[in-house]
2 protein chains.
Amino acid sequence: MRELEDKIRTFGKALNEDVLLVDMFLNHQVDCELMDHIGDEFARLFADAGITRVATVEASGIAPALMCALKMRVPLLVLKKSASAIMNENVLQTEVFSFTKQKSYLLTMKQEYMLPGDRVLLIDDFLANGEAALGASRLIEQAGGIVSGIGIVISKSFQPGLKRLREAGYNVKALAEIAGLQKDHIEFVPEG
Amino acid sequence: MRELEDKIRTFGKALNEDVLLVDMFLNHQVDCELMDHIGDEFARLFADAGITRVATVEASGIAPALMCALKMRVPLLVLKKSASAIMNENVLQTEVFSFTKQKSYLLTMKQEYMLPGDRVLLIDDFLANGEAALGASRLIEQAGGIVSGIGIVISKSFQPGLKRLREAGYNVKALAEIAGLQKDHIEFVPEG
């Protein structure tokens, strides 16, 4: 997606070989018009997948996932990183390890917000090692849903996540693919 | 806002005198069309406030705040509940106590995403004791912004938050105001 790549080129910061900072437009300050266009693009890419529900992992996935669900006219389900005190009945959980934070969390959802056979489009802002996306997919399937597509805003394709998800059989599309990072240098995978 | 009150009447669950569960359409499963209309309503209510930026606290405030910022054509700033490992420079923080979770967190933002004199509309999903909204306002002001409006989706007006914010001089508008809760009974403050 050209507009997104241009934003990454202009405002993204490669801190080192691992970390791409995009908090100027994606996950701290949020460029709402860009989110709108990202929603359109995901809706276009997965138009033929028969999607009945969009899901994401809180918190940075919410903005692109909301715009996508709005365009597709389906409900959004926000998977929680912890069970709140008032969320205690019919809850499903799976353990996910975060490499960024170097600790595990319990990804949580209520069974009632997934219907058997729901065709789910999972949206997330970043794909790196794939732990969050694999955990979310596990949880969706545990609840009786079918992961019919995975839409990623930025894939760090030099890390194993994209390969792991595709090897697991998922239909993954990333709007921008990073081939490699070095301090102050961002290399993209050519589009198409 | 009639459509929101109808949703609360139909799908909200009063668990006891304190807790109103709206995870069917607001903060777990998300009704995207409702969020779209909530965005319109906030944009209308604060149309004359000269807003240059919308801010919210992650995670449940993001959906209504994004729709509002999109309609107002201003950037959204998502205040974080913890500083991430890669977010270490020019960071502002304030301590906020969560009554729901019975513990404090450090509300965090980067200075660079607030311009001096920015007129900020703070959006949040719930107002109860007002700790989160007061903390967010403190942080915005510390960064040089002006809190020019506070928009709340659901105010539990029998708790002290609304009164505290108004006594502090803020222009607060709530789309639905709850007068009281009892198990399986929700009492609204009449509109207007």
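In every chain, residue numbers begin from 1 and rise along the written sequence. Labels are handed out in written order, letters beginning with A for the chains and numbers beginning with 1 for the ligands. Only residues with pLDDT of at least 70 get local features here, since the model is predicted, and only at 80 or more are side-chain atom pairs given and counted; chain-wide, interface and lining totals rely on the full set of residues.

A. Here's a closer look at the packing of helix 2 (residues 32–45) of chain A against helix 3 (residues 62–72) of chain B. Note on definitions: angles span 0 to 180 degrees between N-to-C directions of axes, and those axes are lines fitted to C-alpha atoms, for helices only across the stretch in contact. Each helix is a run of DSSP H or I of at least 4 residues and each strand a run of E of at least 2, with the numbering of both proceeding from the N terminus. Two elements in contact, helix 2 of chain A and helix 3 of chain B, have axes separated by 9 Å at closest approach and are oriented at 105 degrees. Here helix 3 of chain B runs roughly perpendicular to helix 2 of chain A, going by the angle between their axes. From helix 2 of chain A, Cys32, Met35 and Asp36 of chain A reach across to helix 3 of chain B, where they touch Leu66, Ala69 and Leu70 of chain B. Any residue that is not Ala, Val, Leu, Ile, Met, Phe, Trp, Tyr, Cys, Pro, Asp, Glu, Lys or Arg is counted as polar, Gly included; the first ten are nonpolar and the last four charged. For the contact of helix 2 of chain A with helix 3 of chain B, a count of residues per class yields 5 nonpolar, no polar and 1 charged. Angles below 35 degrees are treated as roughly parallel, those above 145 as roughly antiparallel, those between 65 and 115 as roughly perpendicular, and all remaining angles as oblique. In this description, a residue-residue contact is defined by the distance between C-beta atoms placed from the backbone, which must lie within 7 Å.

B. Region of interest: the relation of the copies chain B and chain A. The copies were overlaid with a least-squares fit restricted to C-alpha atoms from residues scoring a pLDDT of at least 70 in each copy. After a rotation of 180 degrees and a shift along the axis of 0.0 Å, chain B superposes on chain A with an RMSD of 0.0 Å. When the rotation and shift are considered jointly, the pair of chain copies conforms to a two-fold rotation axis. Across chain B, the rotation axis passes nearest the C-alpha of Ala59 of chain B, at a separation of 2.6 Å. Interface residue correspondence from chain B to chain A reaches 100%, placing this contact among same-surface, isologous pairings.

C. Spatial organisation of the pairing of strand 8 (residues 119–127) of chain B. All names here are of chain B. Of all 9 residues in strand 8, 8 are buried; the element is thus mostly enclosed. Any two strands are treated as partners once DSSP identifies two or more bridges connecting them. Pairing between strand 4 (residues 53–57) and strand 8: 4 bridges, direction parallel. Note on strand 8: the bridge partner recorded for Val54 is Leu121. Relative to strand 9 (residues 146–156), strand 8 runs parallel, the two being bridged by 8 bridges. For Leu127, the partnering residue across the bridge sits in strand 9 and is Ser155. A crossover gets the label right-handed when its path from the first strand over the helix to the second runs clockwise, viewed with the strands pointing away from the viewer. Handedness of the β-α-β unit built from strand 8, helix 4 (residues 131–142) and strand 9 comes out right-handed. Residue burial here comes from a neighbour count, namely the number of other C-beta atoms, placed from the backbone, that lie within 10 Å of the residue's own C-beta, with 20 or more meaning buried, 12 or fewer meaning exposed, and in between meaning partly exposed.

D. Region of interest: the confidence of the model for chain A. Confidence of the predictor at the level of single residues is captured by pLDDT, which takes values from 0 to 100. For chain A, the mean per-residue pLDDT works out to 95, and 96% of the residues sit at or above 70. On the interface metric, ipTM, the complex scores 0.96, and its pTM is 0.97.

E. Summary view of unusual backbone geometry. Residue and element names in this part refer to chain A. With an omega dihedral of 0 degrees, the bond running from Glu58 to Ala59 counts as a cis peptide bond. Positive phi outside glycine occurs at Gln102, with the angle close to 55 degrees. Its place among the elements puts Gln102 in the loop between strand 6 (91–98) and strand 7 (103–110). Judged by the 8 C-beta atoms lying within 10 Å of it, Gln102 is exposed. In this structure, Asp184 is a non-glycine residue whose phi angle is positive, near 65 degrees. Relative to the helices and strands, Asp184 is located in the loop between strand 10 (172–182) and strand 11 (185–188).

F. Examining helix 2 (residues 32–45) of chain B more closely. Here helix 2 of chain B is 14 residues long and its end C-alpha atoms lie 20 Å apart, about the 20 Å a rise of 1.5 Å per residue gives. Burial in helix 2 of chain B covers these residues: Cys32, Leu34, Met35, Ile38, Gly39, Glu41, Phe42 and Ala43 of chain B. Helix span, expected: 1.5 Å multiplied by one less than the number of residues in the helix.

G. Region of interest: the environment of Gly180 of chain B. Residue and element names in this part refer to chain B. Mapped onto the secondary structure, Gly180 falls in strand 10 (residues 172–182). Each C-alpha atom of the pair Gly180 and Ala14 lies 9.7 Å from the other, and the pair is 166 residues apart in sequence. Filtering out sequence-adjacent residues up to four positions away, Gly180 remains in contact with Phe158 and Glu187.

H. Expanded view of helix 4 of chain B. Residue and element names in this part refer to chain B. With 12 residues, helix 4 extends 16 Å between its outermost C-alpha atoms, agreeing within 8% with the 16 Å of an ideal straight helix rising 1.5 Å per residue. Among the residues of helix 4, Glu131, Ala132, Ala133, Gly135, Ala136, Ser137, Leu139 and Ile140 are the ones counted as buried. The first or second residue beyond helix 4 is Gly144, which carries a positive phi of 100 degrees.

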